Each structure stands twice: as structure tokens, then as C-alpha cells.
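Report on the structure
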Amino acid sequence: METQLTINGTQHKLDLDPRTTLLDALRHHLGLTGSKKGCDHGQCGACTVMVNGRRINSCLTLACMHDGDEVTTIEGIGQPDNLSPLQQAFVSEDGFQCGYCTPGQICSATAMLEEIANGWPSHVTGELDASAELTTEEISERMSGNLCRCSAYPNIVEAIRKAAGGGA
Amino acid sequence: MRPFDYARAATSEDAARQAAEGATFIAGGTNLLDLMKLEVMAPSALVDINRLDLNQIEEADDGGLRIGALVTNSDLANDTRVRKHWPVLSRALLAGASGQLRNKATTGGNLLQRTRCLYFYDRATACNKRDPGSGCAARDGFNRILAVLGTSEHCIATHPSDMAVAMRALGAEVETLKQDGSTRRIPLGDLYLLPGDRPDRETVLEQGELIAAVTLPAPVEGRQIYRKVRDRASYAFALVSVAGIVAVSEGRITRANLAFGGLAPKPWRNAEVEDLLTGEASSDALFGKAADLLLAEAQGFGANDFKIPLARRTLVSVLRELSQEASA
Amino acid sequence: MTEHFKMDAPATDRRLDDMAQGLVGAPLDRPEGPLKVSGTATYADEWQVDGLAHGVLVRAPGNSGRVVLANRNAVARMDGVLAVIDDDRLLRNPAQGTANEAPIQGPHHAAYMGQLIAVVVAESFEQARHAAQSLEVTLEGGTLMPVDPTTAAVEPQESKNLDQGDLDAAMETAAHSVDAIYTTPSHSSTPMEPHASIATWEGDDLTLRGSYQMLKYNRNELADALGIHPDRVRILSPYVGGGFGSKLGLAPEAVAASIAAKQVGRPVSVALQRPQVFEATMRRSETSQRVRLAADAEGRLTGLGHDALVSNLPGETFAEPILQASHFLYAGANRRMSMDLARVHRLCAGSVRAPGEAVGVTALENAMDELAHEIGIDPVELRRRNIPEKDPESGKDYSSRRFREALDSGAEAFGWADRPGVKERREGEWLIGYGMASAARVNVLMESQARVTLLPDGRARVETDMTDIGTGTYAILGQIAGEMLGLPRDAVDVVLGDTALPPASGSGGSWGASSSGTSVYVACQAIRRQLAERLGGEEADLTLKDGSATFDNQTRPLAEILDGDEIVKLAHLQPGDTSDAVRQATFGAYFAEVAVHAASGETRVRRMHGSFAAGRILNAKTARSQCLGGMTFGIGMALTEELAFDPRDGHVANHNLAEYHIAVNADVPQLTVELLEERDDWANPMQAKGIGELGICGAAAAITNAIFNATGVRVRDYPATLDKVIAGM
């Protein structure tokens, strides 16, 4: 099945078994292993990427469904010598330990900050018609689709706050 | 995952035609692919409907809202009209799943998601929903998350949606399209079938019938809340949930729309409970009676027995909050 | 020449305190951080290997009987399928930590439902997964075997029993007493990276890219399982996506990948599917614990009893060591302890983060809370009154123990003085309560080797097969070497996770940092001595800082002193007499505030604080993170985590991350951690002790004790899910 994907700004033409998930297309066919397979069932968030600007679980979607779509993975967010402010904040706040959930956390957080900027409410937002503040509670709720068994959650929240300028 | 043919639908009619010939619709895919990976579902063909023009939220002439089947859970939750006039729906959506899943999951797909019964998901165990006639391993198994209302001896699964519970309280209808171009409207409460002796049949939809939209009636008076009780603070299915819309005038309840999640094979609503409340003065005694009526037929299966007192406590708490707020 | 060091006497010289670089203890970032946050750290199933085939494992559908693969030939002919393998050498269950030999092998008889009995190999993952799901597995001649530890046959663990004084009499004459049974369910480590291996053969030499915690043991386990010499096996695990005990011992996928790769003549990747992680790695045993406390009128313990029932598969000797800290945490002259092991056909029980204390201290700390309530004294004060002067069983001294300070300092930091009475504080629909618990964990030193090379340009390289499973090994080994050799942190390269390097302790039992760290320390000391020798003096008079050596008031760059040479030292640490001469342990205290919903019984942890004393802290940032992780495991244990076994066949019903509820971000408040300054001379020459597990050892009790304070409900059956809370409300 021929599929064209723009990944981190680069066009890729792939000929895939229709069963191939977006995650497996990245990991097995493009060598982009930054997106992780933690559960393969949308229950952990380690595979989070952005498609057309929105965060999704790449394990729960077929690559062929994304013909023509723009995909941003962790590799497109920043590189070891050119980290995004959020990636840098994860390093300095120790927002990870084993590091396996981390790319998903960062992709998720990158998109999540955009969601807050766009005025999206969350489960913990007090008033649905008011804009949400970047509180600890808001960040925690919005990041709850990304599990971390090392449990760096408090540091993840701090890293996000710091990168977003919400409190150094 | 079994091999399948994949095709992208050009039009809704085309999608309905392909499905009538045996293909399975795929939209967000967040539950279908989950099940296909386990081969609990194994369609021979998928028809991808994501590019159909079904992702609009439009205001209807009657003051209601028409929500395209492909509107994502995120877009629906964030819609300013929904937030303002049907807040229980936004709240229910935001209480469900995760940010990532809500970005992918669609309105139609959310309604049609399958149960989270652990035995349904495990092909090595008996499940009448998955393999009709094989039995129900859940009844005497680990059934903590399963139903206490509307069950049958063949199935005790719950419907896992939060969104559908709010829509049920709001009196939503489903608008469908068949391959011949005909459409019909189905009240949400009539969309779902109780398990009876055929738990594999979950809705009244015919093969090839496509959900095109969900319509909400015009906003009604009253305060709205969605209370979801779950094991984790987030990213967990409801053990019990209540979507409530209650209006109070001069100390008396003038409207009580109540729908329940986590208790039954479908988003549950009981008109008798609402009738019992309507016209009465708010009191804990009244709320207790409402709960008694709601749960009169409830039956637990061991590990899920607690849902009966939990539903009672939750309903009373929700009614207290709604009637206090409404009268304040 | 190898530098041998045996820990036979306390290291009172505290040489690290004399060093000048200022690295050890500093809260430095992890050097591998940029790789991890950019997705460029390579985990096991991510190596780009030419010709890679994919294997997917197949489970047994029941817990006994002979395995029959009815359609194996048809499956073998499916699209892309290269092999259907049920080789005799496949593992029945993983190896226990430090086993050093293969566990029970053989896929032809099922011992538990979920046992991995075959691997299907295909060109693509999609083909392999479908073929694996198509394999019809039946069990012939099987019956339902016992799965319930409360009714199964039990083997008393007599060597673990203790009977000191007369506990029965102490209970009878006690002014106050508690006699309660606490139960904890099975837990799964379920690290975010599923167990995965890529096996590559070159002739008879096997390279396994795996995800393991203790490589020197894993190599021997794999070689033994395959029936080849360990010299033929190399394991690479430079990055490990979490382990928490589940990657201590060799797991089924490694053997399956190795056999498959040999058979199909290509590299093969086998990764566990998430349900398989739950069903076929290790579980923490469920426990039933009877705790008896007898106290005088002032709350001084006169007796302490702890009797436990745990379980495991037939043939497995591991028994969750629940009583470890009960032996030494509190006073009480009359003591009785016992362990029983039930034989059940559930998946294998083994190490999950802090085996023993994680659940054992939790039950003890619940009982202490009950006793404090019974007596009517502050729970912190009850603990203070029962800190024994010497080990209450052996009479040995404690090595270092800032337990009292942790209690006091933690109470102060948390604001414990503001503690409400039982059911006294309410905010709207939420009932507010405070709870506390002590933390305790045994401290262990293990044999470990490392090679340190001081390079001619004045940089250094540390090499060992030690792993970093998120624990901070890359950071701290670099800090130790940099400190000892007077080098900035970024002048030290740390190479880990390769069995071709000197064998280390591995990561487990909280001993990794102190054991592997000591080997680096010893190697650096040897380098320092050699440098001193070159300068014609004594090591003690040498100051190394920022790449230069100062001796006799002269400062010269190391590169100049080395003059083109490199200094290589291999150090070999062995534990010695100090292990048994004193009681070595780490201590601490947790404080938690919870809110319990008055209607639903849902509990949310609002605040949680931990004060810990674990000897010298090697990196304040990574040590704190380890404590955050432990405390969060404690939140999960207290409120949500439970492997739900089917009551008939014992399979893990909730074998996924949607229904096995590890804590999510919203479950965890901004935890606070205090690391007390401490030096333990008996532990090792760095005076450091283990910190990786201390944070979980009793944490759950602080939360359930807070639930009692909020609601008056004692949940003695973990986890304290809302159904159990409302049952008492």
C-alpha cells in the first residue's frame, strides 16, 4: 500500500502492509525509533507524535490512513545538540529516569501547551468558558495520557512549567 | 491483525455501499485497531471514512446542534457552543480517555466503541459477545468493572463511553445514512440493544448503515454536571458516572435528566426516576428514593457488587449538588 | 594488574570529603539526558540490524497439561512465516535475580496461563503477530491447578522463622496491643519498555541486544539456557527502559530470540507484547501478613510478631522476603516471625521494586498507626519511643541510622503538627487526613568491577558492564571518577551495559550505585597513587582539580604529568566483614495528606513528603528522582495497583495498562523529598548506601493511615480502592 508521509518536514514514500501502524512505520521502516512502543494499545502514550499539529497515539492508527499528512516526531522537535526549550527543561529538571516514555512526554507536552494557548479546557478547568491557567493541576491532568513508571511526574510538571515560562 | 483490504471512501454513500458489502468502517480507529491487534475483531476489509465531509458542528433551526460523526472528541469538547449550552457534554468528553485519544476518537466511533470487559478482550476465555455461544467467563470471573443493570445471563458487559452518557441525558438522536441514500433518526436510547441472548448484537444499525451525525435538542434550563467516579484521577474508565441536568424552581425540581455510565450495557436512563423527582422538593430522602428506584433491579456479580452502593451515593451527591447550585 | 578491595573494615578516612572537584553529591544533570529527550538513546528493540526478522511469542491458554500446537504446519506456511519454534530450551519463566543459571525450561507443559510456549518468526512484525495469533494451542490432559494461595498447599520457610522471648505472654500482658491481618495483592513492575531482545549470531558467537539489569548474571543465564559457553555470549544493554526487578533475570524473549536467530540464520527481534509483560515476567507475590504489637502504657513495644504467607510457582524457591526490616526497625524483646510459601499456578513470583520491605514495612507501619491510635499518642512519637539502641535480635550496632532525624525533620517539613483528629477536617465534599509511616530497607554491597583509564589528554573513561535503568549510573559514575581524578564532569566518559566490559554488580537491590561506584572509586584511588608515585609523593598529599595535580605547592596539568601515557586500573570490589559486623540499613519517614470524597470514597493524595537517610548522596538530583519514583510506586500500591487473577485459572485478567492502574500524572502531587546528610563508614569507602528502593518501603502505609485519619476507615486489604473505603463509611 503506497503511502506518502511528510515526517519532520521530509517527504517519504512508503509501500507498506496496510496493517502497519504509524508507529511501526516510523520504527521499523524509517529507522525513527524515538517514538516508543510501550503498550501498542493506546494505554501509555509512549508513542505520542503530532499529526497535522495534534498529538495522537501513533500505535492506534494505520500509516495508510495518513497519506499526505504531516507528522512531527521527537526527532523533529530537537536533536541532542539542538534541544528545544522543553527538551532542555526535561534535562535540567530531571523529567525522566529511564527515558523510555520521555519522547512521548515531550511530544505530548509540546502539543499540550499549544492546546492551552488555544483555549482548550480540561477536566480540571474550573469554568468551561474561561481560559485555563498553566497550573500544576492543569498540566498533570493534561499529561495523564503519558504514563511514566519511573514516576518522574513532579519533575515533568516542573519542566513543562519552566519551559512554558509559567514559573522558574 | 488479520490481513484486510483497505479502501478510502469517496462519499458517504460509497462508504455505506462498501460496508454493506462487508467492510468495516474505520474513523479514529482508537478502539477498532486496539481490537484488531488482538484479533477480537478481524474485518476482511476496512473502509476509511476519515476524509468524508462529516466533521462539522452546525446549529440547527430548532436551536439544537448537529454534530458530524467525524467531529473529534477534542473538537466537540472545545466547541464554544457546547461549552456554553451543553456543558455536560464537554465535561463528559474531557473526563474520558486522554488528550491524545480525544484528538483521534470521533463522535460516531465513540458511540460504537466496544465494552472494556477483560474477557471480551482475551480470546483464550469464553465470551458470548466475541464468540456467540461460548459462554460468559466474566460472570464468575473478575468482574469489578462490569454491569449491574440491564445484564443477561449471557453478558454483563458495560458500555464504556462517557460522551454517550451525556448525550443520553441531553436527549440526543443519531442520524444515519444507508447505501441507498436513505436516512433515519434514532434516539440514542434506542440505538443500543441490551444483551439478552445475543450480546454480539449491540446496536440497531444495519450492516452498512453509517452514523452521519448526532443531533442535540435545543439547550434546556437547569444546571448540568458530569460526575465520573474512577480508580485513577485521570485516564481511567468510569466505575460509575452520572450526567445530570436539573432545574429547580421555588424549591421544587422542575426537570431532572439523569443518565448513568459504568452501570449497564448502554448509557442508562430511567424515566421513572426522573418522574419521581420532578415536581418534588429537594431532600436527601427524595434523592434516596430516586436511587432506590434506579437500583431496584440492580444485580451484582461479586467483585462489582460495590457499584450498587456506589451508584446510590454518587446519585445522591450529584442531586444534592445540582439542586443546591440551581437554587442558589 | 587488578586492584582488589574487600570491605572488611569501616572506611573512616572519608576520602571523598577531601576531594576538591566538588562533583560527588552535586545535583548534576544526567549526561545521557540529551539523548533520551531527543529519542536518540538506543533501547533494545531499536538497533538497526540488517536482515532482521520478527518473532512474536505465543501463550498457554491454561495452567496445566501438555501443549499441543494443532496447526503448526499450516502456520509455518503462512505469508512471511520463517519458523514456528517450541524448542525445549524456551524458558518456563524468567530467572530470579542473581540466579546465574537458567530457570526451569521447557514449553511442552503449561504451568501457568500466559506461559510463553512458542515463538513464531516472520519477515515482518505484522506477519509474525498474525501467525502467532493463528497458532491453535490446546492443552492435553490438563486440569485446573490450584491458583489461590489461601487454599493451596503451603511450605513453611523454617529457616526464616524467629522465636525470641514469649510473644504470646507479651500480648497477654500488654497495656495496649494490635493483632491485625493485612493483605497486599500481586504487583507488576511493568516498566515502560517491554522486555525485548535482538539476537544476532556470527558463527557460534551470540550478540544479544537486550533490556536487562544485571548483565554478568544474564550472560551466564542465557548461555546456560542455550547450552553454550558464556564466552560465546555478549549482551548489550546501554539503555534500559526501566526494570524495577522485572529485568533482573533472563526473561523468555531473550532465549526465544536466540534460538530463533540460530534457526532461521538471521537476526531476530522478539519483544513482549504488553499483556505478556503482565503475564510472563515477574509478579510481586500477594501477601497475607499478621502483625502483632504489644506495648506498655507509654507505647514502648514489648513484643512484635510478623507472620506472612506468600506464594510462588512449583519449583521456584523465591519467597517475597517480607520480614527483612521487621527484624531491625523497632524494639520489642519478645519477637516471633514466620514465613509460609504457598504453591500456586500463577505466573512466577520474583523481585518487584524493593522485594520484602515494599509490602512488609507497609503492613508493619499500618499496625504501628493502629497502635498509636489505640494508645492515643502521636504516631511519630510512637516510632521515636521504639527506636532500638542495638539490633533487637542480634544485638549488633547499627552502622549509621538517622531514623529519628528523618522522623523529626520530615514532620517539620510537612507541617505534621497541624494534623487533624480522626474525621475532623472536611473541605466541601472532601474529607482531609494526614498519615505518616517509617521507611526502612536493608543495605547490601555486592561484588563489582570497573576499569578506569586516565587518558593522555587528561580525560578519563569509566568502563563496566553496569547498567543504568534510569537510576542515574551514567551520572554518578562520572561524578565519582571526576571527583577522585580532579576532572570536570564532561571530561569523563562512562561506558556501560556491555558484557565485554568488567562485570559489575548490576542494578538491583539498591546496591548498584554503591557497589559499582565503589569499584570506580577504588580504581581511581589506584590511579591517584600512581600519579603520586610519578610525582614522587604520597597519594594523601595529592590534590587533583580541573585537570591538574597539585603536589608540594606545585600545580601541573595531568596531561603533562602523563606525558603521553595512559593509566589503566581495573578494580575488583568484594563485600567483606562489614556486611555482618553491623546492621546496615537505610531509613526514612513519609508524610501524606489525602482527600477522600465523602460520597464516592475516591482518594486523592494532595501532598506527600519523604525524608530519607541513605549515607552519602552521590547525586542529589538523581537520588531525589529515585525517591519520587519509589513514593509514586507507594501511591499506586496504596490506591490502585493490583494484578487481578481469574479465580479459576489464575490468569492475569487485567493484563494491560488500561486496567492495571499504575499512577498517572494526575494521581501524583508535587512530592517533596529531603535527603539527610549522612556518612556510613561501614557500607563502603564512599559512605554511600542504596537509595533506589527506600522510597517505596512503607510509603503506601502513610497514605492508608491518612485515609484512616480522614474517614475513620481502616483498609487492611490493599489497594484502598473506593469500594473498600465506602464499605466502612
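On a predicted model such as this, the values are computed, not experimentally measured, just so you know. (Residues numbered from 1 in each chain as written. Chains lettered and ligands numbered in written order. Predicted model: local features only at pLDDT ≥ 70, side-chain atom pairs only at ≥ 80, totals over all residues. Heavy atoms only, no water.)

**What about the domain arrangement of chain A?**
Residues and elements named next belong to chain A. Going by this rule: Throughout the structure description, domain borders are defined by an automatic or database domain assignment. Note on contacts: a residue pair qualifies if any of its non-hydrogen atoms lie within 4.5 Å across the two residues. A side-chain nitrogen of Lys or Arg and a carboxyl oxygen of Asp or Glu constitute a salt bridge if their distance falls within 4 Å. We call two N or O atoms a polar contact when they sit within 3.5 Å, provided that within protein one can donate a hydrogen and the other can accept it, with sequence-adjacent residues counted only if both atoms are side-chain atoms. Only DSSP runs of H or I reaching four residues or more are called helices, and only runs of E reaching two or more are called strands; each is numbered from the N terminus.
When cut into domains, chain A gives domain 1 (2–73) and domain 2 (85–163). Put simply, the middle of domain 1 and the middle of domain 2, counted by C-alpha atoms, are 22 Å apart. Opposite the 16 residues of domain 1 that make contact, domain 2 presents 16 residues. In this structure, the connection of domain 1 to domain 2 is made through 1 salt bridge. The residue Arg55 makes a salt bridge to Glu115 at a minimum N-O spacing of 2.8 Å. Counting every contact that joins domain 1 to domain 2 gives 7 residue pairs in polar contact (both at pLDDT 80 or more). Where the side of domain 1 that touches domain 2 is concerned, the elements lending two or more residues are β3 (48–51) and β4 (54–57). In terms of residues, the side of domain 1 that touches domain 2 owes the most to one element, β3, which gives 3 residues.

**Description of the confidence of the model for chain C**
Worth spelling out the cut-off: A score from 0 to 100, pLDDT tells how confident the predictor is in each residue.
Looking at chain C as a whole, its pLDDT mean stands at 98, while 100% of the residues score no less than 70. Per the prediction output, this complex has pTM 0.98; the corresponding ipTM is 0.98.

**Remarks on the domain arrangement of chain C**
Residue and element names in this part refer to chain C. For the record, the criterion: By definition, the buried area sums, over both parts, the 1.4 Å-probe accessible area that each loses when the two are put together.
Examined at the domain level, chain C breaks down into domain 1 (2–41 + 449–575) and domain 2 (356–444 + 581–728). Centre-to-centre, using C-alpha coordinates, domain 1 lies 34 Å away from domain 2. Taken together, the contact pairs 32 residues of domain 1 with 24 residues of domain 2. Around 2,300 Å² of area is buried between domain 1 and domain 2 when both sides are counted, 56% of it from carbon and sulfur atoms. Counting the surface domain 1 buries against domain 2, the share from its top three residues, Arg14, Ser510 and Ser514, is 22%.

**As for the side chain of Ser211 of chain C**
All names here are of chain C. By the secondary structure assignment, Ser211 is in the loop between β12 (205–209) and α5 (215–226). Of note is the side chain of Ser211, whose polar atom sits 3.0 Å from the side chain of Lys247. The residues touching Ser211, leaving out its near neighbours within four places in the chain, are Ala44, Glu193, Ala196, Ser237, Val240, Gly241 and Lys247.

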